[in-house]
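Descriptive analysis of the structure
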Amino acid sequence: MKLADNKATLSFSNGSPSIELPVYQGTIGPDVLDIRKLYAQTDKFTYDPGFLSTASCQSAITYIDGDKGELLYRGYPIEQLATNCNYLDTCYLLLNGELPDPQQKADFEKLVTNHTMVNEQMQFFLRGFRRDAHPMAVLTGLVGGLSAFYHDSTDINNPEHREISAIRLIAKMPTLVAMAYKYGVGQPYQYPQNHLSYAGNFLRMMFGNPCEEYKVNPVIERAMDRIFILHADHEQNASTSTVRLCGSSGTNPFAAIAAGVACLWGPAHGGANEAALNMLYDIQKQGGVEKIGDFIKQVKDKNSGVKLMGFGHRVYKNYDPRAKLMQETCNEVLSAMGLEKDPLFALAKKLESIALEDEYFVSRKLYPNVDFYSGIVQRAIGIPVNLFTGIFALARTVGWIAQLNEMISDPEYKIGRPRQLYTGSPRRDIKR
Ligand code: ACO
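Parameters and conventions
Residues numbered from 1 in each chain as written. Predicted model: local features only at pLDDT ≥ 70, side-chain atom pairs only at ≥ 80, totals over all residues. Heavy atoms only, no water. Pairing = 2+ DSSP bridges. Helix = DSSP H or I, 4+ residues; strand = E, 2+ residues; numbered from the N terminus. 1 Å grid on protein atoms, 1.4 Å probe; cavity = no way out; pocket = protein on both sides within 12 Å on 5 of 7 lines; lining within 4 Å. Points joined across faces, edges and corners; volume = space filled by probe spheres on them. Expected span 1.5 Å × (residues − 1). Bend = angle between axes of the 7 residues up to and from the residue. Buried < 20%, exposed > 50% of the residue type's maximum accessible area, 1.4 Å probe, protein only. Near = heavy atom within 4 Å. Polar contact = N/O pair within 3.5 Å; in protein donor to acceptor, adjacent residues only side chain to side chain. Areas by Shrake-Rupley, 256 points an atom, 1.4 Å probe, with all protein chains shown as cover. Nonpolar A, V, L, I, M, F, W, Y, C, P; charged D, E, K, R; others polar. Phe/Tyr/Trp six-rings, centres within 6.5 Å; stacked < 30°, edge-to-face > 60°. Lys NZ or Arg CZ within 6 Å of the ring centre and 35° of its normal. Contact = heavy atoms within 4.5 Å. Salt bridge = Lys/Arg side-chain N within 4 Å of Asp/Glu carboxyl O. Axes fitted to C-alpha atoms, helices over the stretch in contact; angles between N-to-C directions. Parallel < 35°, antiparallel > 145°, perpendicular 65-115°, else oblique.

1. Focus: the sheet that holds strand S6 (residues 76-77)
Strands sit in the order S4-S5-S6 across an open sheet of three strands; the sheet is antiparallel. Sheet topology places strand S4 (62-65) and S6 at the edges, where each strand pairs with a single neighbour. Strand direction decides the pairing type here: strand S5 (residues 70-73) and S6, joined by two bridges, are antiparallel. The residue bridging Tyr 73 from the neighbouring strand is Tyr 76, located in S6.

Here it is, written out as structure tokens:
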């Protein structure tokens, strides 16, 4: 952190002495006021529910400029990564800070590939779940359960343990997500195949069966890989902050990542792609494009509780750059599969164009986010709606683990312990 030339002065209207707060500069983005000594100096806390103005940490991994609609992983724009690199390059970059050279790339791919299998006992653990369990319920359990299998990588304070648990998590998530899917549909699990790419192997574990050879379609493989890249990290979002807070207690990495999976499940976060696709289905059932006007009216009515899912973002107040790339992938996949005239895609594009011209959305700076189109792509690939958030969790695991490892390596790291403004009853005595 670099100290800025200026300082902030906090003064009080009741005559209490004013104090000076140091100001820090990042490489880009807003400066931050250092309020760590505020309580000691003034006996006051700050109040910021939802972290609207609070930087909870310093981080060198991902940067978002919400007004420009810009997303950078380690400084590289998401558009360049999505077109020039694959997901494992992106993982290497997020974990290590630099893109791999050819040797590092080959070594990293080999390392991840050699960890794709999960302990055979995991399938018996899975068997305890109902077949109709939501895959996110299953995944929360399975990811947390990894801590019971890999005792040699659970010490978060040991850099070697952190490194191997990162590789294990990245390598095993596709296997676990595919197992959760196969269990739900009653098909045999497919073991990973090490000659396939990360995305190709995942597709085969999802859609292959023991009765015939599965051929990976390169367009779908690329689309899957792009979905993974676009979801790989997104700085201090709710699930990442959950992983950091959970990991700050010193718990093991698998437990911290399981907390991230649980947080991601919510419809305001990772569950939004599932909710967005279900919303499109509903509009289509009610009459399709003709009914968009009625639907938008409902969305604008505060009492209806209806939201335009896949629209709006806490940070992007301009078009989400991932949504543009996802729309491009959507076009590619649908045309490769002969689904150019897919009514749901047509409905999504019409809904988007209407919303983008509507004063309600314009004045609130509500634009499509990545989830608006990712559901349509995944549906075309054959991924069931209730697995969308599981795919997101798979892709985000690298971001969570990179952020967790960054936090543990930070000499300023402390257990996370927010304060509160207490509004309950003052002290009172029981009178009986
Ligand atoms: N549809 C209708 N109105 C909306 C929407 C929406 N999708 N999103 C925000 N608004 C309105 C709010 O009602 C509010 O209006 P008001 O000022 O008249 O009260 C205004 O826009 C500001 O919204 P907030 O809820 O204050 O914005 P916040 O930053 O807290 O919320 C969030 C962001 C949670 C993403 C919200 O936009 C939302 O619920 N969107 C739909 C769910 C979604 O797509 N989530 C995916 C997020 S991206 C991701 O996780 C990958």
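Having seen the structure, we can now continue with the description.
2. Considerations on empty space enclosed by the protein
A full pass over the atoms with the stated rule returns one cavity of 30 Å³ or more. Space inside the largest cavity adds up to approximately 30 Å³. Residue lining of the largest cavity: Gly 312, His 313, Tyr 316, Asn 318, Asp 320, Lys 365, Tyr 367, Pro 368 and Asn 369, and that is the complete set.

3. Things to note about helix H18 (residues 388-409)
Over its 22 residues, H18 runs 32 Å from end to end, which matches the ideal 32 Å to within 8%, given 1.5 Å per residue. The largest bend in H18 is about 40°, located at Arg 396. Burial within H18 is extensive, with 21 of its 22 residues counted as buried.

4. Topic: the site of the ligand
Around the ligand, the surrounding shell holds 21 residues, and the nearest of these are Lys 302, Lys 307, Leu 308, Gly 310 and Arg 314. Note that an oxygen atom of the ligand is positioned 2.9 Å from one of the backbone N or O atoms of Gly 310. Within the side chain of Arg 364, one N or O atom sits 2.9 Å away from an oxygen atom of the ligand. Compared with its free state, where it exposes 930 Å², the ligand has 74% of that area covered by protein. When grouped by side-chain class, the residues that make up the shell around the ligand number 10 nonpolar, five polar and six charged.

5. Things to note about the packing of aromatic side chains
Using the criterion set out here, one finds 16 aromatic pairs in the structure. With centroids separated by 5.0 Å and ring planes inclined at 75°, the aromatic side chains of Tyr 360 and Phe 361 adopt a geometry described as edge-to-face. When sorted by exposure, Tyr 360 lands in the same class as Phe 361, which is buried. Pairing Phe 372 with Tyr 373 gives two aromatic rings, centres 5.2 Å apart and planes at 85°, and the pair type is edge-to-face. There is no split in this pair, since Phe 372 and Tyr 373 are both buried. Just above the ring of Tyr 183 sits the side chain of Arg 131; from NZ or CZ to the centre is 4.2 Å. Note that Arg 419 overlies the ring of Tyr 39, its terminal NZ or CZ placed 5.2 Å from the centroid.

6. Structural notes on the sheet that holds strand S3 (residues 32-33)
Across the sheet, which stays open at both edges, the three strands sit in the order S1-S2-S3 with antiparallel pairing between neighbours. Looking at which strands have only one partner, the edges of the open sheet turn out to be strand S1 (2-10) and S3. With six bridges connecting them, S1 and strand S2 (residues 19-25) associate as antiparallel partners. Of the residues in S2, the one forming a bridge with Ala 8 is Leu 21.

7. Section: the environment of Thr 251
Residue placement: Thr 251 occurs in the loop between helix H10 (238-247) and helix H11 (253-264). For Thr 251, the contacting residues outside a window of four places in its chain are Ile 156, Cys 246 and Ala 256.

8. Overview of the environment of Val 216
Note that Val 216 resides in the loop between helix H8 (198-207) and helix H9 (218-230). Separated by 19 residues in the primary sequence, Val 216 and Ser 197 place their C-alpha atoms 9.7 Å from one another. When neighbours within four sequence positions are excluded, Val 216 is seen to be in contact with Leu 196, Gly 200, Leu 203 and Glu 221.

9. What about the layout of surface pockets?
Taken as a whole, the second largest pocket spans an internal volume of roughly 400 Å³. Those elements giving two or more residues to the lining of the second largest pocket turn out to be helix H2 (78-84), helix H3 (87-96), helix H4 (102-113), H8, H9 and helix H14 (321-336). Looking at which element gives the most residues to the lining of the second largest pocket, the answer is H9, with six residues. Its residues assigned to classes, the lining of the second largest pocket shows 10 nonpolar, nine polar and seven charged.

10. Details of the pattern of salt bridges
What the rule picks out here adds up to 17 salt bridges. Ionic pairing is found between Arg 222 and Glu 332, a salt bridge with its closest N-O pair at 3.5 Å. Of this pair, Arg 222 sits in helix H9 while Glu 332 sits in helix H14, and the two are 110 residues apart along the sequence. Assessed through its relative accessible area of 32%, Glu 332 is described here as partly exposed. Note that Arg 244 is salt-bridged to Glu 406, the shortest N-O span being 2.7 Å. Note that Arg 244 is positioned in helix H10 and Glu 406 in helix H18, a separation of 162 residues in sequence. Shared partners join several salt bridges into a network, and the residues in it are Asp 34, Arg 36 and Glu 412.

11. Regarding the pairing of S5
As judged from the four bridges shared by S4 and S5, these two strands associate in the antiparallel manner. Residue pairing in the sheet places Ile 64 in a bridge with Leu 71 of S5. In sequence, S5 turns back onto S6 through a hairpin of two residues, with Arg 74 there showing a positive phi of about 50°.

12. Some remarks on the side chain of Ser 153
Within the secondary structure layout, Ser 153 lies in the loop between helix H6 (135-145) and helix H7 (159-185). In terms of polar contacts, Ser 153 uses its side chain to reach the side chain of Arg 168, at 2.8 Å.

13. Observations concerning the packing of helix H15 (residues 343-357) against helix H17 (residues 371-381)
Any two packed helices are characterised by the angle at which their axes cross and by the distance between the axes. Orientation of H15 relative to H17, taken along the N-to-C sense of each, is 175°, at an axis distance of 10 Å. When the interaxial angle is binned, H15 and H17 end up roughly antiparallel. On H17, the residues touching Leu 344, Phe 345, Ala 348, Lys 349, Leu 351 and Glu 352 of H15 are Phe 372, Tyr 373, Ile 376 and Arg 379. Of the residues contributing to the contact of H15 with H17, the split by class is seven nonpolar, no polar and three charged.

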